[in-house]
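Summary of the model geometry
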Amino acid sequence: QVQVVESGGGLVQPGGSLRLSCAASGFTFSSSAVSWYRQAPGKERELVASLTSSGGSTNYADSVKGRFTISRVNAKKTVYLQMNSLKYEDTALYYCKARYYSGQYYSTPWGQGTQVTVSS
């Protein structure tokens, strides 16, 4: 079964850090591009960061550049999002997604996400 499972969210004070994890299964993770998205209450889901299958190219939303880092460990079939210098506006439900090839390109279904709350 193709799926991704996010974890690592929590409550953190402004300026703090969290590391999110996304465990993948059911497809060839090493050859997939991966991304993190987030959705805040009342707002549309937005792309936060993405990483190519080789890990050689990344892309970040302007709002998180210099604070967030996306990375992957293919042996663990896991993608991470290191979030530093967190701000109130980073509060959201965070999701990961992978785009993999199996005869044609597919995207993994949305998982349940992991909640990040930045509050004092």
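Everything below is about the structure shown above.
Report follows, based on the coordinates. Computed from a predicted model, the values in this text were never measured in an experiment.

Parameters and conventions
- Counting from 1, residues in each chain are numbered in the order their sequence is written.
- Per-residue local features of the predicted model are confined to residues with pLDDT of at least 70, and side-chain atom pairs are confined, for both listing and counting, to 80 or more; whole-chain, interface and lining totals are unaffected and use all residues.
- Think of the side-chain values as coming from all heavy atoms in the structure, minus any hydrogens and water.
- Strands here are runs of E lasting at least two residues and helices are runs of H or I lasting at least four, both read from the DSSP assignment and numbered beginning at the N terminus.
- Note that the radius of gyration is over C-alpha atoms, with the globule rule given as 2.2 Å times the number of residues to the power 0.38.
- Classification of residues uses two cut-offs on accessible area relative to the type maximum, computed with a 1.4 Å probe and protein chains only: under 20% is buried, over 50% is exposed, and between them is partly exposed.
- In this description, accessible areas are obtained by the Shrake-Rupley approach with a 1.4 Å probe, and a residue is regarded as covered only by the protein chains that are shown.
- The charge count includes Lys and Arg as positive and Asp and Glu as negative, but it does not include His or the ends of the chains.
- In this description, the location of a charge corresponds to atom NZ of lysine, CZ of arginine, CG of aspartate or CD of glutamate.
- Any Phe, Tyr or Trp ring, taking Trp's six-membered ring, that has another such ring centre within 6.5 Å forms a pair; planes under 30 degrees apart are called stacked, those over 60 apart edge-to-face, and the others tilted.
- Whether two strands pair comes down to DSSP finding at least two bridges between them.
- For helices, the fitted axis covers only the stretch in contact; all axes are lines through C-alpha atoms, and the angles between them, taken along N-to-C directions, range from 0 to 180 degrees.
- Joining through side-chain atoms within 4.5 Å is the link that ties buried Ala, Val, Leu, Ile, Met, Phe, Trp, Tyr and Cys residues into a set, and such a set is a nonpolar core.

**Description of the overall build of the protein chain**
The secondary structure content of the protein chain amounts to zero helices and 11 strands. The order of helices and strands in the protein chain, counted from the N terminus, is β-β-β-β-β-β-β-β-β-β-β. Over its C-alpha trace the protein chain gives a radius of gyration of 14 Å, about what one expects of a compact globule, namely 14 Å for 120 residues. For the protein chain, the spread of C-alpha atoms along the principal axes amounts to about 45 × 25 × 25 Å. Within the span of the protein chain, comprising 120 residues, buried residues form 41% of the whole. A total accessible area of about 6400 Å² is found for the protein chain, and carbon and sulfur atoms account for 46% of it. Positive and negative charge centroids in the protein chain, built from 12 and 6 side chains respectively, lie 9 Å apart.

**Quick notes on the packing of aromatic side chains**
Under the defined criterion, the tally for this structure stands at six aromatic pairs. With a centroid separation of 5.1 Å and 85 degrees between ring planes, the pair formed by Y37 and W110 is classed as edge-to-face. With Y37 in strand β4 (residues 33-39) and W110 in the loop between β10 (105-107) and β11 (114-118), this pair connects stretches of sequence that are 73 residues apart. Owing to a relative accessible area of 22%, Y37 belongs among the partly exposed residues under this scheme. Judged by centre distance (5.6 Å) and plane angle (75 degrees), the ring pair of Y95 and W110 falls under edge-to-face. Pair noted here: Y95 is in strand β9 (residues 92-101) and W110 is in the loop between β10 and β11, with a separation of 15 residues, a long-range link. Residue classification places Y95 among the buried positions, given a relative accessible area of 8%. Clustering of aromatic rings is evident, with ring pairs tying together F27, F29, Y100 and Y106.

**Brief notes about the sheet that holds strand β3 (residues 18-25)**
If you walk across this open sheet you meet the four strands as β1-β3-β8-β7, and the pairing is antiparallel. In this open sheet, the two edge strands, each paired with only one partner strand, are β1 (3-7) and β7 (68-73). Going from strand to strand, the sheet's axes swing by 15 degrees on average, the running direction of each strand aside. Inspection of the sheet shows β1 paired to β3 by five bridges, in the antiparallel sense. Note on β3: the bridge partner recorded for S7 is S21.

**Examining the pairing of β4**
Bridge analysis of β4 against β9 gives seven bridges, and the strand direction is antiparallel. The residue of β9 that forms the bridge with S35 is K97. Both β4 and strand β5 (residues 46-51) contribute to a ladder of five bridges, which runs antiparallel. Residue pairing in the sheet places V34 in a bridge with L51 of β5. Between β4 and β5, which pair antiparallel and follow one another directly, the connecting turn spans six residues, one of which, G42, has a positive phi of 75 degrees.

**Some points on the nonpolar core**
Membership of the largest hydrophobic core comes to 30 residues, with the highest contact counts inside it found for W36, I70, L81, M83 and Y94. Of all elements in the fold, only β3, β4, β5, β7, β8 (78-83), β9 and β11 reach the threshold of two or more residues within this core. Here the element with the most residues in this core is β9; it accounts for five residues.

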